[in-house]
Structures are given as C-alpha cells and as structure tokens.
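An overview of the molecular structure
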Amino acid sequence: MSRPLPTVFDQALAAAVRAPSPHNTQPWRFVVEGDVIEVWLDRERVLPIADAHGREARLACGAAAFNLVISLRSNGLAVVVRMLPDPAEPDLVAVIRLDGNQKALRAERQLAEAVFRRHTNRRPFLDKDVPPVVRAALKSAALQEGGQVEYLDASGRYSTVASLVRQAEALQAGDSAFQAEAAFWTHRPPESPDGVPKVAAGPPPDHHGVVTLRASHEDEDLPVREYEQEPLLAAVLTRDRGPHAEVRAGMAMQRVLLTATAEGLAASFLSQPFETAWTRESLDHIFTGLGQPHTLLRIGYGYPTRLTARRAVTDVLTHRTAPDVTAN
Ligand SMILES: Cc1cc2nc3c(=O)[nH]c(=O)nc-3n(C[C@H](O)[C@H](O)[C@H](O)COP(=O)(O)O)c2cc1C
C-alpha cells in the first residue's frame, strides 16, 4: 500500500504519548519504519522500586499501543496488531502495521477524541452511582481487547480490597526507598514534561474513607475535603499472566478509560496493593478462578481537572529506514 500520510502517523503518535503511566514516567519509545509503528518499553524509565519487574510500565505501553490503534482506525485505516513481547526481544511490546483502508466507526472516532480529554482525576467524586448501562459498556470495552472488568461491589470483595489498598499504602509510607522514588516523580511544576505535577494532586481527605488514594499524590496546601463514600471500584483482569498479558491488559485498561471518558466519567488508579509482595498475592487470591488482576480503577463522576504534560513525540521517536530491496 502507499505510504501513510505523515500527519496521520503524527496524530497517532501524539495520541500514543497521552497514555497514562505510573508517575507519568512515559516508559515507551516508538520506531516508525514505512507503514509500521513499533512500541518499545524504555527500561530506563521503569520505576526500580515500585515496579521492579516492569509490570506497570508494560500496562502503560499497552495503553500507548491502544491509543495508536484507535487513532489510526479513526482516520479510516485498518491495522494489524502483533502483540509481543517475544522472548528474543523482550522490550518490543507491540507492532502495529497498516493494512489498507476501513471506514471509521463512530465509536472509534469518539474514543480517539477522548484520548485528548482523558486524565487521572485524584479529586473527590460526586456521591452518584454509575448506571448499569454504563457499567456494562466498560465491561464490554475490556472484553473487546481480550481483557475483563470485574466490579468489586457485586461480590463482597469491596471491603477486602479496600483494606489491602490501605495496608499497602501504610507499608509504602514506612519504606524510605519507596517514598524517595515517589517524591522524585511527584509535586513537579505544571510545565514539567514528565512526572506528576502538583496541580494534578488531590486535596487531603478530611477523614480516611473506604478507599485510600496515594498520599504521595496529595497536595497538602489544599484545604481538606470529604471524598465520596464508596466509589465504583473496577479491576482489569486477563485470563493469562506474564508480560504478554500485561500489554494486553494495558490495551484493555485504556479502552475502558477512554470509554469512561466518553461517558463523562472520571477515573483514578489504586495501584498500591500491586506494588508490595504480600498484598499482591492476596489480590491474586481474591480473583482466583476469574483471571489475573492487573490494575484497580476508581470510577465516578467528578469535575474536570487539568491535563498533565508529556515529553515531545520527537523525544521518543526514531525513524528507521527500510533496507532497499531493489539494490543489486
Ligand atoms: C499502571 C499505572 C498505575 C498507576 N497508578 C497510580 C496510582 O496508584 N495512583 C495515582 O494517583 N495514579 C496512578 N497512575 C496514574 C498516573 O500517575 C498518570 O497516568 C500520570 O501521572 C499521567 O497523568 P494522566 O493520567 O492524567 O494523563 C497510574 C497509571 C498507570 C498506567
């Protein structure tokens, strides 16, 4: 096929870097060669303490890959996605190849547009239920990417998981290496191209409610506020485990987040229990028989907050020239 217009790839790459990542580390690199975009894990940007195995970084790369795909599809391009990593090239997480034209669906255009509005909202949400039809839409979003959403309220697992979040948060609060890492990446000025700016932090809670957001993402200069009583908690799961499942889970997570954005919902993450060994084991145990949990989302209705900046696409992009097969 003919080479894609540069603007279509430019738009797709601009969408890719809008993906969420732990502490806004943006642990990705992209290589463009002809009509192929490769997504690579950038090991230098994997959090050594909170994410020693690169699990959260692979979720982030999966989310970036999903943004690429949805952006290309919304521009009327068909794509073939090869999910990796493969053992020989563990940091190459996905290869996206253009595969002709295909009429963009309205839903795809809506998700592509939501990429530039989605953000993590760490502020209090309204005490307003997410209607069943919207919950169903989020579940279906995960399924479309080979993932699964499990709501915690329907199962009696809510208080157990909320308690694991609190326990993990307490363990991390007493861990100086963990705290130093979080301090390095948070409370940045608004224009910082990576890390979490102070403006994206939430106010301190007036009392500790059922769910505990990360204290390192609190802005102590804001007045204390009451948070919603019982936010909707959704776990994103996959059937399998391992690096491949983590990339797949990142794609599913991103389709869920973009669907939530398109539905007017706000979301934030509760990753603490995934980051300490025993709380992680307990989480795995809770979902035995259902799949491997990868991330926990707090979802509800909130007031919009500011977007967080990103590094420029040119900082994360390499063009590779294809070997000239006509030579000789
Ligand atoms: C795998 C993963 C884990 C995350 N965990 C947390 C978390 O525990 N607490 C939090 O407030 N934000 C968490 N985040 C959100 C990031 O901090 C956020 O995506 C990043 O700062 C960029 O901001 P944005 O999402 O508003 O674009 C997580 C993001 C990812 C992808």
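Look up: the structure comes first, before these words.
These notes cover the structure that comes with them. Starting from 1, residues in each chain are numbered consecutively following that chain's sequence as written. In keeping with the predicted nature of the model, local features appear solely for residues at pLDDT of at least 70, side-chain atom pairs appear and are counted solely at 80 or more, and the whole-chain, interface and lining totals rest on all residues. Side-chain figures throughout are based on the complete set of non-hydrogen atoms in the structure, without hydrogens or water.

Points about the nonpolar core
- As used here, the term nonpolar core means buried Ala, Val, Leu, Ile, Met, Phe, Trp, Tyr and Cys residues forming a set that is joined through side-chain atoms within 4.5 Å. Burial classification: accessible surface area is computed with a 1.4 Å probe over protein chains only, and a residue below 20% of its type maximum counts as buried, one above 50% as exposed, and the rest as partly exposed. In this structure, Trp 28, Phe 30, Val 39, Leu 68 and Leu 72 are the most contacted members of the largest nonpolar core, which totals 61 residues.
- In this text, helices come from DSSP runs of H or I with a minimum length of four residues, and strands from runs of E with a minimum of two, each type numbered from the N-terminal end. It is helix 2 (residues 55-74) that provides the largest number of residues to this core, a total of 11 residues.
- Taken domain by domain, the makeup of this core includes at least three residues from each of domain 1 (6-116 + 312-319) and domain 2 (132-300).
- Pairs of residues are marked as contacts when any of their non-hydrogen atoms sit within 4.5 Å. With near-sequence residues (within four places) excluded, Trp 28 lies in contact with Ala 16, Val 17, Ala 19, Pro 20, Ser 21, Trp 40, Asp 42, Ala 60, Cys 61, Ala 64, Arg 311 and Val 316. As annotated, the domain borders come from an automatic or database domain assignment.

Digging into a negative patch on the surface
- Like charges are joined within 9 Å and nonpolar side chains (Val, Leu, Ile, Met, Phe, Trp, Tyr) within 5 Å, but only among residues with over 30% relative accessible area and no salt bridge; these make up the patches. The Shrake-Rupley method, run with a 1.4 Å probe, gives the accessible areas here. Residue values count only the displayed protein chains as cover. The term salt bridge refers to a side-chain nitrogen of Lys or Arg lying within 4 Å of a carboxyl oxygen of Asp or Glu. Counted charges follow a simple rule, with Lys and Arg positive, Asp and Glu negative, and His plus the chain ends left uncounted. Just so you know, the charge point we use is NZ for Lys, CZ for Arg, CG for Asp and CD for Glu. There is a patch of like negative charges on the surface, built from Asp 127, Asp 129, Asp 206 and Glu 226.
- Tracing the backbone through its elements, the reader meets Glu 226 in the loop between strand 7 (196-197) and strand 8 (232-238).
- By relative accessible area, Glu 226 is classed as partly exposed at 49%.

So, the environment of Arg 225
- For Arg 225, the position within the fold is in the loop between strand 7 and strand 8.
- With a relative accessible area of 40%, Arg 225 lands in the partly exposed category.
- Considered as a pair, Arg 225 and Gly 202 are 23 residues apart in the sequence and their alpha carbons are 9.1 Å apart.

Concerning the packing of helix 2 against helix 3 (residues 106-114)
- Relative orientation of the contacting elements helix 2 and helix 3 amounts to 130 degrees, with a least axis distance of 8 Å. In this view, helix 2 runs oblique relative to helix 3, as classed from their interaxial angle. Crossing geometry of helix 2 relative to helix 3 is assigned as left-handed. For the pair formed by helix 2 and helix 3, the contact residues are Phe 66, Ile 70, Ser 71, Arg 73 and Ser 74 on the first element and Glu 108, Arg 109, Leu 111 and Ala 112 on the second. In this analysis an axis means a line fitted to C-alpha atoms, helices contributing only their contacting stretch, and an angle means the value between N-to-C directions, from 0 to 180 degrees. An angle counts as roughly parallel when it lies under 35 degrees, as roughly antiparallel when it exceeds 145, as roughly perpendicular when it falls between 65 and 115, and as oblique in every other case. Left-handed is the label given to a crossing in which the near helix is rotated counterclockwise from the far helix by less than a right angle, and right-handed is the label when the rotation is clockwise.

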